[in-house]
There are 4 protein chains.
Amino acid sequence: MILNKQVVDQHNNQLLDKHKRNFTHLSSDITHLDYILEKLQQFQIAIPSWALGTGGTRFGRFSGAGEPGNLEQKLEDVGLLHALNKSSGAISLHIPWDIPTDADKIKQLAGSLGIAFDAVNSNTFQDQPHQAYSYKHGSLHHVDPRVRKQAVDHNIEVINYGKSLGSKALTVWLADGSSFPGQLNFREAFQNTLASLQEIYHHLPEDWKLFVEYKAFEPHFYSTTIGDWGQSLLLANKLGPKAYTLVDLGHHLPNANIEQIVSLLLMEKKLGGFHFNDSKYADDDLTAGSIKPYQLFLIFNELIDGMDLHGMDHASGLGWMIDASHNLKDPLIDLLQSVEAIKIAYAQALLVDREALKKAQQSNDIVKAQELLQDAFRTDVRALVAEARLRMGGAIDPVQLFQENEIRSQLIAERGVNTVATGL
Amino acid sequence: MILNKQVVDQHNNQLLDKHKRNFTHLSSDITHLDYILEKLQQFQIAIPSWALGTGGTRFGRFSGAGEPGNLEQKLEDVGLLHALNKSSGAISLHIPWDIPTDADKIKQLAGSLGIAFDAVNSNTFQDQPHQAYSYKHGSLHHVDPRVRKQAVDHNIEVINYGKSLGSKALTVWLADGSSFPGQLNFREAFQNTLASLQEIYHHLPEDWKLFVEYKAFEPHFYSTTIGDWGQSLLLANKLGPKAYTLVDLGHHLPNANIEQIVSLLLMEKKLGGFHFNDSKYADDDLTAGSIKPYQLFLIFNELIDGMDLHGMDHASGLGWMIDASHNLKDPLIDLLQSVEAIKIAYAQALLVDREALKKAQQSNDIVKAQELLQDAFRTDVRALVAEARLRMGGAIDPVQLFQENEIRSQLIAERGVNTVATGL
Amino acid sequence: MILNKQVVDQHNNQLLDKHKRNFTHLSSDITHLDYILEKLQQFQIAIPSWALGTGGTRFGRFSGAGEPGNLEQKLEDVGLLHALNKSSGAISLHIPWDIPTDADKIKQLAGSLGIAFDAVNSNTFQDQPHQAYSYKHGSLHHVDPRVRKQAVDHNIEVINYGKSLGSKALTVWLADGSSFPGQLNFREAFQNTLASLQEIYHHLPEDWKLFVEYKAFEPHFYSTTIGDWGQSLLLANKLGPKAYTLVDLGHHLPNANIEQIVSLLLMEKKLGGFHFNDSKYADDDLTAGSIKPYQLFLIFNELIDGMDLHGMDHASGLGWMIDASHNLKDPLIDLLQSVEAIKIAYAQALLVDREALKKAQQSNDIVKAQELLQDAFRTDVRALVAEARLRMGGAIDPVQLFQENEIRSQLIAERGVNTVATGL
Amino acid sequence: MILNKQVVDQHNNQLLDKHKRNFTHLSSDITHLDYILEKLQQFQIAIPSWALGTGGTRFGRFSGAGEPGNLEQKLEDVGLLHALNKSSGAISLHIPWDIPTDADKIKQLAGSLGIAFDAVNSNTFQDQPHQAYSYKHGSLHHVDPRVRKQAVDHNIEVINYGKSLGSKALTVWLADGSSFPGQLNFREAFQNTLASLQEIYHHLPEDWKLFVEYKAFEPHFYSTTIGDWGQSLLLANKLGPKAYTLVDLGHHLPNANIEQIVSLLLMEKKLGGFHFNDSKYADDDLTAGSIKPYQLFLIFNELIDGMDLHGMDHASGLGWMIDASHNLKDPLIDLLQSVEAIKIAYAQALLVDREALKKAQQSNDIVKAQELLQDAFRTDVRALVAEARLRMGGAIDPVQLFQENEIRSQLIAERGVNTVATGL
């Protein structure tokens, strides 16, 4: 289904008075209002194709209904999100879950919905039917060169799919690791991974980026071969200028200071992309901002600081993507909530008085520095985010519109109850 | 397949000289040798029916081959383990994965293999086909009394299956929890759980125990309704004398002192059962003793101390079970490794000079107390464990026998490559 | 020094227009405005006497200047805070750091400043000069009854000091624990602790409460004898109706769900008191709300829910105290920041639409429940908190007033640079 | 005091028979016995000068007695340890706690005891009397160049002390960090640290190494400027070939896989030194091997593997040091226990059949790899370690000798009860 513009307008008319009152009040104290609104309008967060269906855990999955059954329907779903929030103008495809067999047709559909193609994602953590070698013991790090070659070839194939759609980046997340002491020679696993990535890098188009993701644990429970930002950065540096580190918020050990990692990766000009989600215990893949909203704000605070320093454009300088698992809530609503939380954190970080912060830091005025950050975070910026959305034709309250118009029911009517999206 | 006694004898003959040399050397320093050997022989660890197949994570499962395709074959597998190690003389069934449709036949088969029926396990964390209500939002804690009733009825059904086989305990592990702040009223969730458990308790035969398991997180990522030993103990106390807490090693927050929990639960006479596995990060469900063998020893040290104080028989006083997930290794070998590690820890703990330890503690002689524990742990007790096994007709080195006799290949020949056991 | 009312008025006049604008805007959407303002005015958070000086770590302490050198000056400091924020109307004394040798005089001084005496705190984690027995190996849990008696007597002495001042509660935080496996018999340590606490309880006046604090680790690094809420609750239940659990936010294992603990303790009518601070790694004792403000809000959300259910008065139903360590910032400013963060979280939690939340929970509407909590948390309630303060004669922006009026410089002028407050 | 050779001989004579029996039994199965004994004899672990006194926490310190009151007595203490275990033939000095005012005399004394001078350690985490600038807000990372210069100068001074004694390495551990979001510009802090280290590096003698230590948290609780191995490696690479990373076991986030870090640092030829201790929760600084002995073994397994690959001599290839805090036990006994645990882990790792392990890894034989490591770890190697000690003239059981000969009492008699060693 395609969202009717009228539906959006009707929704906005209902909420406009209240919104305007809030926006006017809020904006009266903001000196660089236009700049912030412009930034908020430009900021787009890619939706991964696998996040449009119900997620699960190893203990089971409780399916939703009306899930998108093919790539076209997934694009439609992202189109719906984008029509509502004007900030989801990109999709990130996962191969082989979402192979664009007819790339031109897919591009055309995406174009009609205002959707671009973000990074493509390879999958060497699962075996596919008719695959020659198993990834049970890893892929790019595997001791057997034939397995490595198969995994490299798969990544090249993914690049080719991406080229046909206009993607400009390949994200490599490896499950490769070990679950028992002794299972792996850490050094050789690292070096095999490097050699494999070098082959993939060799096939990367000149204007592409290679994102090297890291993760502390799961699905292996003793070691992960690209386990932290240090290992990812080491690989990215050895690979060359097109290789970057990708940070996923849920891929760290307990209590990690992620904002510091972000800051240092930007310092090294090696931060490439970002996967948003939230977590309390492990890689919980919850809705962005649902558990630690202040951390999300602090990360944006560093992102802005580091990107501005290097003259990087906020919207295009990094690859932004949600990577969550929607086990309990409607995936589309969950994604709307994530995008909203991300934009709120971004807006709050844009509000930070950077000059004053710099001055406080230079004089070790900890109280002032803390007050400046808390002042921005405590500000209710929702009207700012809504105004940016409104100016682009989106909905003042996307979740409310989605629910009041019973969009999921419409999708179920279209697609049926028992459709299941590919993914985890 | 049934393991031929001759195969075991042949294996033992090969290793006997070396074993005897080690055993003789070791036993020369042990004052209460017979006592320890007797204890080791009596100690049996139940095998859960779901652990006989290949496990997986939410990212996928890499199947093994020759998995048991039905309950009879699962019993055979446990029979094989028991023939090898003489310490796996019980199976713990999970309903509905392993329903004993013909209880008498199953009992007869088990009896012929020397296998008893340990605690039965209910499952309200997955939906079964044709189930009236979904457990997506929980089971015993559910806001809807109809869902609670369905889950209670299922548990009563599980008790009945258990009665037909001679089980004497019901283990209730609830996935019930929440993944987002606000989702749940913690208090009402607890009280609904209590009320549901009270109904189940009401149906529990007089000579049964009810094991209330707790878990910190997963599959929910914000709260678990029975999240720690404090909550489990609260429930067990409110339920009555037949209700006990069950400890699973992987179900704690990082760095928890599990041995202290064990000690206090024994003090309160409310420790009922134990699930063995090992973990580095979360509920990793790895082979027992593969990551933190000293912790396993310290736990047994408390178990012995507390059980002896209350005159509890080591073998029958608590329900002992392995609860691991065999994602990478052959499940049967993995189980043999777990049992071996558990018995090593038990043997080491039996070696501790308790009188001297008590004296050291009474005089705050920390050095001495530490030396006493380390002395026991550093002792190579493998010959002791092997001797106990040997005296019962088991194999000196079960893993080696399993591999040299290519037992898995024999099972594949019998069962085929693509059989898949029920479970996670 | 005593803060001149004129100084506050002058400050408020400057900020009044802006404040009124914000307050008017905010209050237009709040239905139960008067109720919230009243609650905010009543809510008082006690200041511990040891938090008025510079804190330190085991690696050292970097002293501030103008610290209060005696109990009278500490009272003055709390008086200053209370004059500024009207929410710090109580002090919590620690014995023997702050012995009120002339209780009447101290009471009179406190009364003149509007300061009440909150829970008194005993100290058995340090040795005092001329003490007969050392607490090196613990106090209430000690194997030697003479040490236990000494520690019990000290607690009785503390109760007596408290009685002389009008305190109504004793907080017992025990460092008792062990740093090495084997050092302690957990069970006997628990039972010794219980017996000691029973003696103390026996001396507790009828209208007093006994707060049993727990802590996961530090200063012992293997076990703590009262290590978690389960152990504290067990003790409180065995002690009797005057005994309660006290929760300190920093005393948990990583990732603990503290709000769930709070909810269950309220359910059991055994939550007695609360120590506010914040932390990222361990018992970091940072400014409240400086690291995880959403967690603080979620805790208040449970506190309100549970207290309302039992008809407990928010202000008097529990003992509220800050327990932080001011290693880097001016202690008085740090305390103002903590109180502000606590009141913001409380105000946000008061905003939650409880009826709607209940309804969402009853229908498993996770989206709605999440939106309700986030809606309250994202609201900028600072004007609400400021208005409550203003109506009581406090300052609109206490930190700003403190800094602009160079209050610390005035204190240094009065007290000198090198005064050092007793405490950690 | 100097340990009389006769005392050692007498002790050994008592234990010799039992030792020989154990050693003979053990050695019968070891193919490369001489190699292992030789390695064990060569392996020396430096004792830090600050670990010879009683340690403490921020909550207090419970002093021991007979502590060394000056550098000469500290050397004597290390001499005692070395006479007992023949593995403590080096001391690591900390400036300004242990300034060698008369270097020649100190060198002579050390020489007479068989003690070499290991890495020297600077201290910029505490303020010293009469210091121009405070380190309250950091040292090498400080925003003020004058503070950085002071800290650089101090490090140069430490190098000079080290040169006068024959040290060949400088260890820099920085407490520099922040406790509140916003306090620090992470990037500039890193760059200031780099610039400061470059100046220090510039003054480093050609044959010296610079060890850059990292730590996750404490004494700062939000960020540490050199917080993990990735940051340390980044600095070491930017500094040059003489700069290395130093790993302290207690300086990681929960659950970190330290052995993998060690392996990768060796791969990069940037592992320089090692600080041994053990911990359960944070930087607990407990006796090595007292909590996680299997982890210690796994680390040595990687150390041997990586060092052998690069042809590094085990004894001299890395800087080995204990860095523990002896809060409860006699520091000298505690150090003996640490050295013993380290040598046991080293001996077990030397036992690993590396060829077989390599083969198992190459064929993904996880069971075999695990069995090989567990086989080595489960072996009781104490007789091997004792034999190596015996052959060098040390004691079969150093702790027992220390206690039976009441060495501490002799030290108290010499030094008095109330001497206090410098340190934490």
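Given the structure is predicted, the values throughout are model-derived calculations rather than measurements. (Residues numbered from 1 in each chain as written. Chains lettered and ligands numbered in written order. Predicted model: local features only at pLDDT ≥ 70, side-chain atom pairs only at ≥ 80, totals over all residues. Heavy atoms only, no water.)

Peer 1: Would you take a moment to explain the pairing of strand β9 (residues 243-248) of chain D for this structure?
Peer 2: Look at any regular strand and the pattern is simple: side chains alternate between the two faces of the sheet. Residue and element names in this part refer to chain D. Of all the 6 residues making up β9, 6 are buried; the element is thus mostly covered by neighbouring parts of the structure. Burial along β9 is two-sided: the face carrying Ala243, Thr245 and Val247 and the face carrying Tyr244, Leu246 and Asp248 are both buried. Regarding topology, helix α8 (residues 258-267) serves as the crossover connection from β9 to the parallel strand β10 (residues 271-276), and that connection is right-handed. (Buried < 20%, exposed > 50% of the residue type's maximum accessible area, 1.4 Å probe, protein only. Helix = DSSP H or I, 4+ residues; strand = E, 2+ residues; numbered from the N terminus. Right-handed = clockwise from strand over helix to strand, strands pointing away.)

Peer 1: Just to check I follow, could you spell out the confidence of the model for chain A for this structure?
Peer 2: If pLDDT is low for a region, its predicted coordinates should not be looked at in detail. Per-chain confidence: chain A averages 97 in pLDDT, with 100% of residues scoring 70 or above. Confidence estimates for the predicted assembly give a pTM of 0.98 and an ipTM of 0.97. (pLDDT = per-residue confidence, 0-100.)

Peer 1: How should the environment of Ser134(D) be read in this particular structure?
Peer 2: One can find Ser134(D) in the loop between β4 (120-121) and α5 (145-165). When sequence neighbours within four positions are dropped, the list of residues in contact with Ser134(D) reads Phe62(C), Asp127(D), His142(D) and Val147(D). Side-chain polar atoms of Ser134(D) contact the side chain of Asp127(D), separated by 2.6 Å. A polar side-chain atom of Ser134(D) sits 2.9 Å from the main-chain amide nitrogen of Lys136(D). (Contact = heavy atoms within 4.5 Å. Polar contact = N/O pair within 3.5 Å; in protein donor to acceptor, adjacent residues only side chain to side chain.)

Peer 1: So what exactly am I meant to see when it comes to the relation of the copies chain A and chain D here?
Peer 2: Mapping between the two copies of the chain is achieved by a rotation about an axis and a shift along the axis. It takes a turn of 180 degrees to lay chain A on chain D, together with a shift of 0.0 Å along the axis; the resulting RMSD is 0.0 Å. Read as a symmetry element, the transformation amounts to a two-fold axis. Of every C-alpha in chain A, the one belonging to Gly230(A) sits nearest the axis of rotation, 2.1 Å from it. Both copies share a contact surface, since 100% of the interface residues of chain A are interface residues in chain D too. (Least-squares fit on C-alpha atoms with pLDDT ≥ 70 in both.)

Peer 1: Mind showing me how you'd approach the interface of chain A and chain D here?
Peer 2: It is common to give the size of an interface as the accessible area that goes away when the parts come together. Taken residue by residue, the interface counts 51 residues in chain A and 51 residues in chain D. Counting each side, the surface lost to burial between chain A and chain D is near 4,700 Å², with a carbon and sulfur contribution of 57%. Our enumeration of links across chain A and chain D arrives at 6 salt bridges. Across the chain A-chain D interface, the total number found is 20 residue pairs in polar contact (both at pLDDT 80 or more). (Buried area = accessible area lost by both parts, 1.4 Å probe. Salt bridge = Lys/Arg side-chain N within 4 Å of Asp/Glu carboxyl O.)

Peer 1: Looking at this structure, how should I read the packing of helix α11 (residues 331-351) of chain A against helix α13 (residues 366-378) of chain C?
Peer 2: For any two helices packed against each other, the geometry comes down to the angle between their axes and how far apart the axes lie. Following both chains from N to C, one finds α11(A) and α13(C) inclined at 10 degrees, their axes separated by 12 Å at the closest point. Taken together, the axes of α11(A) and α13(C) are roughly parallel relative to one another. On α13(C), the residues that touch Ile333(A), Gln337(A), Glu340(A), Ala341(A) and Ile344(A) of α11(A) are Val367(C), Gln370(C), Glu371(C) and Arg378(C). Residue composition of the contact of α11(A) with α13(C), grouped by class: 4 nonpolar, 2 polar and 3 charged. (Axes fitted to C-alpha atoms, helices over the stretch in contact; angles between N-to-C directions. Parallel < 35°, antiparallel > 145°, perpendicular 65-115°, else oblique. Nonpolar A, V, L, I, M, F, W, Y, C, P; charged D, E, K, R; others polar.)

Peer 1: So what exactly am I meant to see when it comes to helix α16 (residues 407-415) of chain D here?
Peer 2: The α-helix advances 3.6 residues per turn, and as a result positions three or four apart in sequence lie on the same side. Residues and elements named next belong to chain D. If you check which residues of α16 are buried, you get Ile407, Arg408, Leu411 and Arg415. The arc that holds the buried residues of α16, viewed along the axis, is 95 degrees, so those residues lie on one side. The inward-facing, buried residues of α16 abut α3 (71-85), α11 (331-351) and α15 (398-404). Of the residues flanking the end of α16, it is Gly416, one or two places downstream, whose phi is positive at about 95 degrees. (Arc of directions from axis to C-beta.)

Peer 1: Whenever I open this one, the sheet that holds strand β9 (residues 243-248) of chain A confuses me. Can you help?
Peer 2: Adjacent strands of a sheet form backbone hydrogen bonds with each other and so pair up, either parallel or antiparallel. Residues and elements named next belong to chain A. What the 6 strands build is an open sheet, ordered β4-β5-β7-β9-β10-β11; its pairing is parallel. A single partner strand is all that each edge strand has here, and the edge strands are β4 (120-121) and β11 (319-322). In the sheet, β4 pairs with strand β5 (residues 169-172) via 2 bridges, with the strands oriented parallel. Paired with Asn121 across the bridge in β5 is Thr171. The sheet contacts of helix α5 (residues 145-165) involve β4 and β5, and relative to β5 the element is tilted by about 145 degrees. (Pairing = 2+ DSSP bridges.)

Peer 1: So what exactly am I meant to see when it comes to the interface of chain D and chain B here?
Peer 2: Of the residues lining the interface, 38 residues belong to chain D; the matching set on chain B comes to 38 residues. Regarding the contact of chain D and chain B, the summed buried area is about 3,300 Å², with carbon and sulfur atoms giving 48% of it. Of all residues in chain D, His25(D), Asn255(D) and Arg378(D) give up the largest surface area on contact with chain B, accounting jointly for 20% of the area buried on that side. Between the two partners, chain D and chain B, sit 4 salt bridges. Taking the shortest distance from any N to any O, the salt bridge between Arg21(B) and Asp29(D) comes out at 3.3 Å. On inspection of chain D and its partner chain B, the count reaches 16 residue pairs in polar contact (both at pLDDT 80 or more).

Peer 1: Help me understand helix α9 (residues 293-309) of chain D, please; the structure alone is not making it clear to me.
Peer 2: Residue and element names in this part refer to chain D. An ideal rise of 1.5 Å per residue puts 24 Å on 17 residues; α9 measures up with 25 Å between its terminal C-alpha atoms. For α9, the buried fraction is high: 14 of the 17 residues fall into the buried class. Just past α9, the residue Gly311 takes up positive phi, approximately 65 degrees. (Expected span 1.5 Å × (residues − 1).)

Peer 1: For this particular structure, what's the right way to read the environment of Glu387(D)?
Peer 2: All names here are of chain D. Structurally, the position occupied by Glu387 is in helix α14 (residues 382-391). Residue classification places Glu387 among the buried residues on the basis of a relative accessible area of 4%. Taking the C-alpha atoms as reference, Glu387 lies 30 Å from Pro68; in sequence the two are 319 residues apart. What Glu387 contacts, discounting residues up to four positions off in sequence, is His19, Lys20, Phe23 and Leu37. Of note is the side chain of Glu387, whose polar atom sits 3.0 Å from the side chain of Lys20.

Peer 1: How do you make sense of the packing of aromatic side chains when you look at a structure like this?
Peer 2: Each aromatic ring pair is described using two quantities: the centre-to-centre distance and the angle formed by the ring planes. Residue and element names in this part refer to chain A. Under the criterion given, the structure shown has 74 aromatic pairs over all chains. Geometrically, the ring pair formed by Phe297 and Phe377 is tilted, given 5.5 Å between the ring centres and 45 degrees between the ring planes. Note that Phe297 is positioned in helix α9 (residues 293-309) and Phe377 in helix α13 (residues 366-378), a separation of 80 residues in sequence. On the basis of relative accessible area, Phe297 is assigned to the buried category, the value being 0%. Judged by relative accessible area, which is 10%, Phe377 ranks as buried. (Phe/Tyr/Trp six-rings, centres within 6.5 Å; stacked < 30°, edge-to-face > 60°.)

Peer 1: What am I meant to see in the side chain of Asn121(C) here?
Peer 2: Residues and elements named next belong to chain C. Following the sequence through the fold, Asn121 ends up in strand β4 (residues 120-121). Residue class for Asn121 comes out buried when judged on its relative accessible area of 5%. Residues within four places of Asn121 in sequence aside, it is in contact with Trp50, Ser92, Leu93, His94, Ile95, Val158 and Thr171.

Peer 1: How should the relation of the copies chain D and chain B be read in this particular structure?
Peer 2: Expressed as a screw transformation, the operator carrying chain D onto chain B has a rotation angle of 180 degrees and an axial translation of 0.0 Å, and the superposed copies differ by an RMSD of 0.0 Å. Same-surface contact between copies: 100% of interface residues of chain D are shared with the interface of chain B.

Peer 1: Looking at this structure, how should I read the sheet that holds strand β2 (residues 90-92) of chain D?
Peer 2: All names here are of chain D. Strand order in the open sheet formed by 3 strands is β1-β2-β3, and the pairing between neighbours is parallel. Since the sheet does not close on itself, it has two edges, and those belong to β1 (47-48) and β3 (116-117), each with one partner. Direction of pairing for β1 relative to β2: parallel, over a ladder of 2 bridges. When the sheet's bridge partners are listed, Pro48 is paired in β2 with Ser92.

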